[in-house]
Amino acid sequence: MESEKIIELKNLKKQYGDNIVLKNINLHVDRGEVVSIIGPSGSGKSTILRCIVDLESITSGEVLIEGNNLTDKNVDKKIKKEMLLKTGMVFQTFNLFPHMSVRNNIVKTLKLVKKMDMTEAENITKKMLDLVGLSDKIDSFPNELSGGQKQRVAIARALALQPDIMLFDEPTSALDPELVKEVLDIIRKLKNQKITMLIVSHEMNFVREISDRIIVMEKGEILETGSSQQIFENPFSQRVREFLNTNS
């Protein structure tokens, strides 16, 4: 059976003035697949994620989610909104509301975005906090949590919207080394649940372990794509080999 492409980017280009951030990017992610994007800083990895969730407008090309071209001017607004809601994103910085408890960070998001009633929102919130191992922090405020706990709350909030796709933009880069593992463990758990994920990360050992496929970028272009084993053990390009040698 042919696998279903849930995300597809075609000839994606992003430019700020004379600065071309993304050049002719073509990539896809299949349903249930975990794909990681690696490469030096400034190579456009995070920009790709931001283009997918419409936080960045693209210069040219197409972004398709479940076959719907979200960059088409004539796309039905309702369909576009529905597709973007199927895509959860977790950022480097946790983006939690500091004046709200953990409970309200999630409950209010569900009420606002999904127009959910209080009871259902509360139930989902408890379930998601349980999944990320933070049930006991439901009434805490962000300033009472460690960085790792904040990131796990951010993941719980994104998951509460029941997305089909999770995008992670350097989810551990703002964390102390001893807190990294707790966040990576949650992502491993999501892989076991067959959630489609696109991950930008500098954690090479983790990328190697979790990815079905890896995309290596540099200077806004894709250098190489392959299975985890192929990229780490036998990359085609000398440049990829050099990058992995200096970053592993």
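The coordinates are above.
Calculation rules
Residues numbered from 1 in each chain as written. Predicted model: local features only at pLDDT ≥ 70, side-chain atom pairs only at ≥ 80, totals over all residues. Heavy atoms only, no water. Helix = DSSP H or I, 4+ residues; strand = E, 2+ residues; numbered from the N terminus. Rg over C-alpha atoms; globule rule 2.2 N^0.38 Å. Buried < 20%, exposed > 50% of the residue type's maximum accessible area, 1.4 Å probe, protein only. Contact = heavy atoms within 4.5 Å. Areas by Shrake-Rupley, 256 points an atom, 1.4 Å probe, with all protein chains shown as cover. Lys, Arg positive; Asp, Glu negative; His and termini not counted. Charge placed at Lys NZ, Arg CZ, Asp CG, Glu CD. Axes fitted to C-alpha atoms, helices over the stretch in contact; angles between N-to-C directions. Parallel < 35°, antiparallel > 145°, perpendicular 65-115°, else oblique. Left-handed = near helix turned anticlockwise from the far one by under 90°. Nonpolar A, V, L, I, M, F, W, Y, C, P; charged D, E, K, R; others polar. Salt bridge = Lys/Arg side-chain N within 4 Å of Asp/Glu carboxyl O. Pairing = 2+ DSSP bridges.

**Q** Would you mind showing me how to read the overall build of the protein chain here?
**A** Helices and strands together make up the secondary structure of the protein chain, namely 9 helices and 10 strands. Here the C-alpha radius of gyration of the protein chain, 18 Å, is about what a compact globule of 248 residues would show, namely 18 Å. By residue count, 50% of the 248 residues in the protein chain fall in the buried class. Taking the intrachain contacts of the protein chain between residues at least 6 apart in sequence as the baseline, contacts between residues at least 24 apart amount to 65%. When the accessible surface of the protein chain is summed, it comes to about 12,100 Å², and 47% of that surface belongs to carbon and sulfur atoms. Where the 35 positive side-chain charges of the protein chain centre and where its 35 negative ones centre are 3 Å apart.

**Q** I would appreciate a short explanation of the packing of helix α3 (residues 102-114) against helix α5 (residues 147-160) in the present structure.
**A** For any two helices packed against each other, one specifies the inter-axial angle together with the distance between the axes. Across the interface, α3 lies against α5 with an axial gap of 9 Å and an inter-helix angle of 25°. Here α5 runs roughly parallel to α3, going by the angle between their axes. Here the hand of the crossing between α3 and α5 comes out right-handed. Between α3 and α5, the residues in contact are Val102, Asn105, Ile106, Thr109 and Leu110 and Val153, Ala156, Arg157 and Ala160, respectively. Residues that form the contact of α3 with α5 fall into these classes: 6 nonpolar, 2 polar and 1 charged.

**Q** Before we go on, may I ask you to explain the pattern of salt bridges in this structure?
**A** Note that side chains of opposite charge can pair when their charged atoms are close. What the rule picks out here adds up to 21 salt bridges. Lys23 is the salt-bridge partner of Glu221, the closest N and O atoms lying 3.9 Å from each other. You can see Glu221 sitting in strand β10 (residues 221-227) and its partner Lys23 sitting in strand β2 (residues 19-30), a full 198 residues away along the chain. Relative accessible area serves as the criterion here: at 34%, Lys23 is assigned to the partly exposed category. Residue Glu182 pairs with Arg152 through a salt bridge whose shortest N-O separation is 2.4 Å. Of the two residues, Glu182 sits in helix α6 (residues 177-192) while Arg152 sits in helix α5, which places them 30 residues apart along the sequence. Note on Glu182: relative accessible area 21%, which makes it partly exposed. In this structure Arg152 comes out as buried when scored by relative accessible area, which is 11%.

**Q** Would you explain the side chain of Ser101 in this entry?
**A** Along the chain, the position of Ser101 falls in the loop between β6 (87-90) and α3. Among all residues touching Ser101, those that are not within four sequence positions of it are Ile138, Asp139, Ser140 and Phe141.

**Q** What should I look at first to understand the sheet that holds strand β5 (residues 68-69) in this one?
**A** Strand pairing in a sheet relies on backbone hydrogen bonds. The paired strands run either parallel or antiparallel. An order of β2-β1-β4-β5 is seen for the 4 strands of this open sheet, with the pairing classed as antiparallel. The open sheet is flanked by β2 and β5, the only strands paired with a single partner. Pairing between strand β1 (residues 5-16) and strand β4 (residues 60-65): 5 bridges, direction antiparallel. Looking at the pairing, Ile7 lines up with Ile65 of β4. Across the face of the sheet, helix α1 (residues 45-52) comes into contact with β1, β2 and β4 while running at roughly 65° to β2.

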